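Remarks on the overall topology
Here are the chains, one letter per residue:
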Amino acid sequence: MSARLRTVAMLTASAVTALTMGTAAAHADTGVEERVMLQGTTTASYFWDDASGRAGDTGLPASGKPMQKGMVASPSWPLMTEGYVIYKGKKMPFFVGDRGPGEPSSRGIMLDLDGKTFAELTGGRFNTETLGVDGGSGAGHIDVQYVITKWGDGVGKKSHPVAFSTGAWAEKDTETVQPVSVKKPTG
């Protein structure tokens, strides 16, 4: 196949993929129900573990993936669990890539959002020098709705989050959980 034909084939495949993805996304938001694994509310904090040792970070995240926007830490959900959070009408996707928050989970803070997502949700700015969030709501904790769309395959509990101290993060939940239809959460 000539280089020109390969280029045309790649462009055609990209266009078809983009159209298909665009159609799926538009269609997904038109109904009043969606299929989810779990939904609820919790208090969320933020973190940024880039293995630099700055700001008290603990090294690379538990999943082995580099720190990035969309990564959250959960005290109990299986690694690589996917979903989204909603705060004041803003919806942001996430995947579980780390463990935490530690002690704050005993006080009901059950989700650690990455600093960049936290900043975007609160209207703040992620500070690359301090690994903190400047401005925005001025708080280090926010109340969010969470929706789990896919459970990860690793160890962890496939249920509403429980404190890190319970050790649920280290136990394999072998229950098969089927998605349910629920009303879409409102922001």
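As a reminder, the structure under discussion sits directly above these lines.
An account of the accompanying structure is given in this report. (Residues numbered from 1 in each chain as written. Predicted model: local features only at pLDDT ≥ 70, side-chain atom pairs only at ≥ 80, totals over all residues. Heavy atoms only, no water.)

**Regarding the nonpolar core**
Operational definition: The set of buried Ala, Val, Leu, Ile, Met, Phe, Trp, Tyr and Cys residues whose side-chain atoms join them within 4.5 Å is what this entry labels a nonpolar core. Here the term buried applies to any residue with accessible area under 20% of the maximum for its type, exposed to any over 50%, and partly exposed to those in between, with areas from a 1.4 Å probe on protein chains only. Going along the chain from the N terminus, every DSSP run of H or I of four or more residues is numbered as a helix, and every run of E of two or more is numbered as a strand.
In terms of nonpolar packing, the biggest core is built from 29 residues, with Trp77, Val85, Leu111, Leu113, Ile142 and Ile148 touching the most fellow members. Listing elements by their share of this core, those giving two or more residues are strand 2 (38-47), strand 3 (71-74), strand 4 (82-87), strand 5 (90-99), strand 6 (109-114), helix 2 (115-122) and strand 9 (142-150). The next biggest cluster of nonpolar side chains, apart from the first, holds 5 residues, and it includes Val36, Ile86, Val147 and Val182.

**Considering the pattern of salt bridges**
What counts here: Within this document, salt bridges are pairs made up of a side-chain nitrogen of Lys or Arg and a carboxyl oxygen of Asp or Glu, the two lying within 4 Å of each other.
Inspection of every chain in the model, using the stated rule, returns 4 salt bridges. A salt bridge links glutamate 82 to lysine 150, with the shortest nitrogen-to-oxygen separation between them at 3.9 Å. Of this pair, glutamate 82 sits in strand 4 while lysine 150 sits in strand 9, and the two are 68 residues apart along the sequence. A relative accessible area of 34% means that glutamate 82 is categorised as partly exposed.

**Observations regarding the pairing of strand 5**
Heads up, the condition is: Note: two strands are recorded as paired if DSSP finds a minimum of 2 bridges between them.
Of all 10 residues in strand 5, 7 are buried, a share of seventy percent or more. Where strand 3 meets strand 5, 4 bridges bridge the pair, whose relative direction is parallel. Bridge pairing links valine 72 to valine 96 in strand 5. A loop of 2 residues connects strand 4 with strand 5, the two strands running antiparallel in sequence, and lysine 88 in this loop sits at a positive phi of about 50 degrees.

Worth remembering: the numbers are spatial, not functional.
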